Every structure is written in structure tokens, then in C-alpha cells.
Amino acid sequence: MHKILSVGLTGGIASGKSAVATRLAEHGAIVIEADLLAREVLEPGTDGLDAVVQAFGSGVLTDSGALDREALGQIVFADEDARARLNAIVHPRVAEARNALRALAPEGTVVVEDIPLLVETGQAERFDVVVVVAAPPEERLNRIVRDRDTSPEDAQARIDAQTSEGERAAVADVVLENSGTLAELDAQVDELYEKLHGRVIAAQ
């Protein structure tokens, strides 16, 4: 097995996780986005989309034959069994795509997997280092309302649907506090990358 450092990156909605992923990529880390892979495995023409149609019917397709995410969302959010059926289709395909990308990573690379629900899906054990981006709940609420054009009630519901800051912190090896400016966050990420890269070099 060639030497890479495997990093799991997570954080609550509007915590600043994307900004951290972007900065790590600028330093040379390979960033694998779980959400992006989950979309790609259900693109038109994939066996993933075929399996979703078989499981939920053609009502989850748009007129052009793409996945109607809103229609599918309405089915699975209200029904735990339906959600489990969808996960059984999506998760193995995402894992396969992720492993293919990891296999391409050169030796001595820091590979960061950006997984919003890392804690909820019990994946912390897979990583050498788990990094959690944290921000005060009121700050996150303000960001969602401001940046995503949503009501405070909807914003709070999105925050409540995820695990708590405490549960995320419990599995974290590193917590990045994002309650200040982007420059302050970047400085933390720069320092973190230096340590991560040092570890993978030392392991070679």
C-alpha cells in the first residue's frame, strides 16, 4: 500500500468546511467531495440512476430523464425505509468512486475526504486524522439565512437535522474554529496542512 495520509473533513452546515477544503487543495492536498460523487453516481446513463428508478418509479425523473432530486427527496425524507433503500444504492457506488480516486493519489499525498455526514454515518474510524470545522450556532444560522436565501426557521431546521457540535468534536483529532475572518481560518488551515504534510513525509 503506498503511503498517503487519509484525512476526513467534516463540519455542520455553514461552518466553513468548503473554505477549508479549498485552502487544503491550494496547498496540494487531493480533495474528494462525497456530495459531488453522490451526484455523479446518479447521473443519466449510470446504473445508479437505473437502480433508483427501479426502486422508486419513473416519477423521480425529470422530463429530460435526469434525476428529479426534489421529487426523490420528498419520498425519502418522510420515510426511513425509503431512505435506507436509497442509501443502499448510493453508498456502495460512492465508496467505489472514492476508492478509485484514492488509488490515483501519488505517494506522499494528503488525501482529504470532504464528508458532511461523516459523524452521522460512522466513518471516523476510516481516517488517520479527522478534522472538524466548528462555528457558533448563531453564526451558522446567520450565514444560512444570508447566503442561502432561507428563513431563520428553515435554517434552524437544517442545523437541527445534523448531529451536534459536541458529537462532532468527540471524534475530532483537530477542531478548526471558524468564528472570525476568512484570513484567520486560512491561517489555521495553513498550519494544519504543514503538520499533515510533515506526517506523511515522515511515514515514507
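Computed from a predicted model, the values in this text were never measured in an experiment.

Caption draft 1: Structural view of the packing of helix α4 (residues 69-77) against helix α5 (residues 80-103). At a closest axis distance of 6 Å, the pairing of α4 and α5 adopts a crossing angle of 125 degrees. Relative to α5, the element α4 is oriented oblique. Across from L72, I75, V76 and F77 in α4, the residues of α5 making contact are A82, R83 and L86. Taken together, the residues of the contact of α4 with α5 sort by class into six nonpolar, no polar and one charged.

Caption draft 2: Structural detail: the packing of helix α6 (residues 137-147) against helix α7 (residues 152-160). Remark: α6 packs on α7, axes separated minimally by 9 Å, with the N-to-C direction vectors making an angle of 125 degrees. Relative to α7, α6 is oriented oblique. Seen from above, α6 lies across α7 with right-handed handedness. Mapping the contact onto sequence places P137, R140, L141, I144 and V145 in α6 and P152, A155, Q156 and I159 in α7. Residue composition of the contact of α6 with α7, by class: seven nonpolar, one polar and one charged.

Caption draft 3: Spatial organisation of the nonpolar core. V52, F56, L67, L72 and L86 are the most contacted members of the largest nonpolar core, which totals 20 residues. Within the residue set of this core, elements represented by two or more residues are α3 (47-56), α4 and α5. Looking at which element gives the most residues to this core, the answer is α5, with five residues. With near-sequence residues (within four places) excluded, V52 lies in contact with L42, G57, V60, L67, L72, L86 and I89.

About the thresholds
- Residues numbered from 1 in each chain as written.
- Predicted model: local features only at pLDDT ≥ 70, side-chain atom pairs only at ≥ 80, totals over all residues.
- Heavy atoms only, no water.
- Axes fitted to C-alpha atoms, helices over the stretch in contact; angles between N-to-C directions.
- Helix = DSSP H or I, 4+ residues; strand = E, 2+ residues; numbered from the N terminus.
- Parallel < 35°, antiparallel > 145°, perpendicular 65-115°, else oblique.
- Contact = heavy atoms within 4.5 Å.
- Nonpolar A, V, L, I, M, F, W, Y, C, P; charged D, E, K, R; others polar.
- Left-handed = near helix turned anticlockwise from the far one by under 90°.
- Core = buried A, V, L, I, M, F, W, Y, C linked by side-chain atoms within 4.5 Å.
- Buried < 20%, exposed > 50% of the residue type's maximum accessible area, 1.4 Å probe, protein only.

Interpretation in functional terms is not warranted from these geometric data alone.
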